[in-house]
Amino acid sequence: MLQLLLSPSGRLSRRTYWIVALGFGVLHTIALAIDVAGGAYSTVEDQSAPVGSIVTLILLWPSIALLVKRAHDRGRGWWFLLLLLVPILNVWPIISMLFCRGQEGANRFGDDPYEKKPIWWIWAGLIAIWIIQGYLLQDFIASFSASLEETHIDAGTQSTPGASTDAPATEQQAPAQ
């Protein structure tokens, strides 16, 4: 398991990649739920997400290692991942690594890891995670909007000392004599 998550050498099939990505998605969803339950994102000023940040830092290297292995399965080196940083061109490695089958047979990075098993349940799991994250995001947006409205209302009711709110918008000058 450590070899799978920590080493960028070798190849990784789409199936294995999606299973691990599903697990990472579950961990991020749990972290988001813990942060929201703990009061993170409750106000405009409080944008901290301590649990989510820790989970992201922990999963950063394994995510990179998995992407490198997936690039290896497609017959590409780690440099192929640098295209992810280039706008518009980043669509190519995304589609290639997430949806295209790796090279058949052994290549310079190792043996073919392809397994002929159905992956419908992986897609079902991903859709379930996206739905759960959508509900969590919906709650976040509702609470964030409410806090913005409260801030706007509070800012609108404050008045400067000596200012009258009943003053006319424009003052008329007396005619010159």
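1. Description of the overall build of the protein
Secondary structure summary: the protein contains 5 helices and 0 strands in total. If you list the helices and strands of the protein from N to C, you get α-α-α-α-α. Residue pairs in contact within the protein that sit at least 24 positions apart in sequence constitute 72% of those at least 6 positions apart. For the protein, the accessible surface area stands at approximately 12,100 Å², while carbon and sulfur atoms represent 66% of it.

2. Regarding the packing of helix α2 (residues 14-37) against helix α4 (residues 91-99)
Packing of α2 against α4 brings their axes to within 8 Å, and their N-to-C directions diverge by 100°. Classed by the angle they form, the pair α2 and α4 counts as roughly perpendicular. Along the contact surface, α2 presents Arg 14, Tyr 17 and Trp 18, while α4 presents Met 97, Leu 98 and Phe 99.

3. Details of the packing of aromatic side chains
Going through the model one piece at a time under the given rule, you end up with 4 aromatic pairs. With 6.2 Å between their ring centres and 80° between their planes, Tyr 17 and Trp 18 make a pair best called edge-to-face. Each member of the pair, Tyr 17 together with Trp 18, is buried. Consider the rings of Phe 80 and Trp 92, whose centres lie 5.1 Å apart with planes at 90°: the pair is edge-to-face. Here Phe 80 is found in the loop between α3 (50-73) and α4, whereas its partner Trp 92 is found in helix α4, with 12 residues between them in sequence. When its relative accessible area of 0% is taken as the criterion, Phe 80 is described as buried. A relative accessible area of 43% places Trp 92 in the partly exposed class. Linked through ring pairs, Tyr 17, Trp 18 and Phe 99 together constitute an aromatic cluster. Its guanidinium or amino end placed over the ring of Phe 80, Arg 76 lies 4.9 Å from that ring's centre, counting from NZ or CZ.

4. Looking at unusual backbone geometry
One non-glycine residue with positive phi stands out, namely Ile 88, at about 70°. Tracing the chain through its elements places Ile 88 in the loop between α3 and α4.

5. What about α2?
Taking 1.5 Å per residue, 24 residues should reach 34 Å; α2 reaches 34 Å between its end C-alpha atoms and fits that length. Phi for Gly 39, located one or two positions after α2, is positive at around 100°.

6. With respect to α4
If you check which residues of α4 are buried, you get Pro 93, Ser 96, Met 97 and Leu 98. On its buried face, α4 is in contact with α2 and α3.

7. Observations concerning a nonpolar patch on the surface
Taken together, Leu 2, Leu 6, Leu 60, Trp 61 and Ile 64 make up a surface patch of nonpolar side chains, about 490 Å² in accessible area. Those elements giving two or more residues to the nonpolar patch turn out to be α1 (2-6) and α3. In this fold, Leu 6 is placed in helix α1.

Cut-offs applied
- Note on numbering: residues in each chain are counted from 1, in written sequence order.
- Residues qualify for local features only when their pLDDT is at least 70, as the model is predicted, and side-chain atom pairs are given and counted only at 80 or more; totals for whole chains, interfaces and linings, by contrast, use all residues.
- Excluded from the side-chain calculation are hydrogens and water; included are all heavy atoms of the structure.
- Numbering of helices and strands runs from the N terminus, with a helix taken as a DSSP run of H or I at least four residues long and a strand as a DSSP run of E at least two residues long.
- Whether two residues are in contact is decided by their heavy atoms: any pair within 4.5 Å suffices.
- Areas reported here follow the Shrake-Rupley algorithm with a probe of radius 1.4 Å; residue values treat only the protein chains shown as occluding.
- Comment: axis = line fitted to C-alpha atoms, over the contacting stretch for helices; angle = value between 0 and 180 degrees taken between N-to-C directions.
- Here is the rule for angles: anything less than 35 degrees is roughly parallel, anything more than 145 is roughly antiparallel, 65 through 115 is roughly perpendicular, and the remaining ranges are oblique.
- Each aromatic pair joins two rings of Phe, Tyr and Trp (for Trp, the six-membered one) with centres within 6.5 Å, and gets the label stacked for planes under 30 degrees apart, edge-to-face for over 60, and tilted for any other angle.
- Exposure categories follow from relative accessible area, calculated using a 1.4 Å probe and restricted to protein chains: below 20% of the type maximum is buried, above 50% is exposed, and the middle band is partly exposed.
- The rule is short: NZ of Lys or CZ of Arg within 6 Å of the ring centre and within 35 degrees of the ring normal puts a charge over the ring.
- Expected span of a helix, by definition, is 1.5 Å for each gap between consecutive residues, and there is one gap fewer than residues.
- Excluding any residue in a salt bridge, patches collect residues exceeding 30% relative accessible area, merging like charges within 9 Å and nonpolar Val, Leu, Ile, Met, Phe, Trp and Tyr side chains within 5 Å.
- In what follows, salt bridge is the name for a side-chain nitrogen of Lys or Arg lying within 4 Å of a carboxyl oxygen of Asp or Glu.

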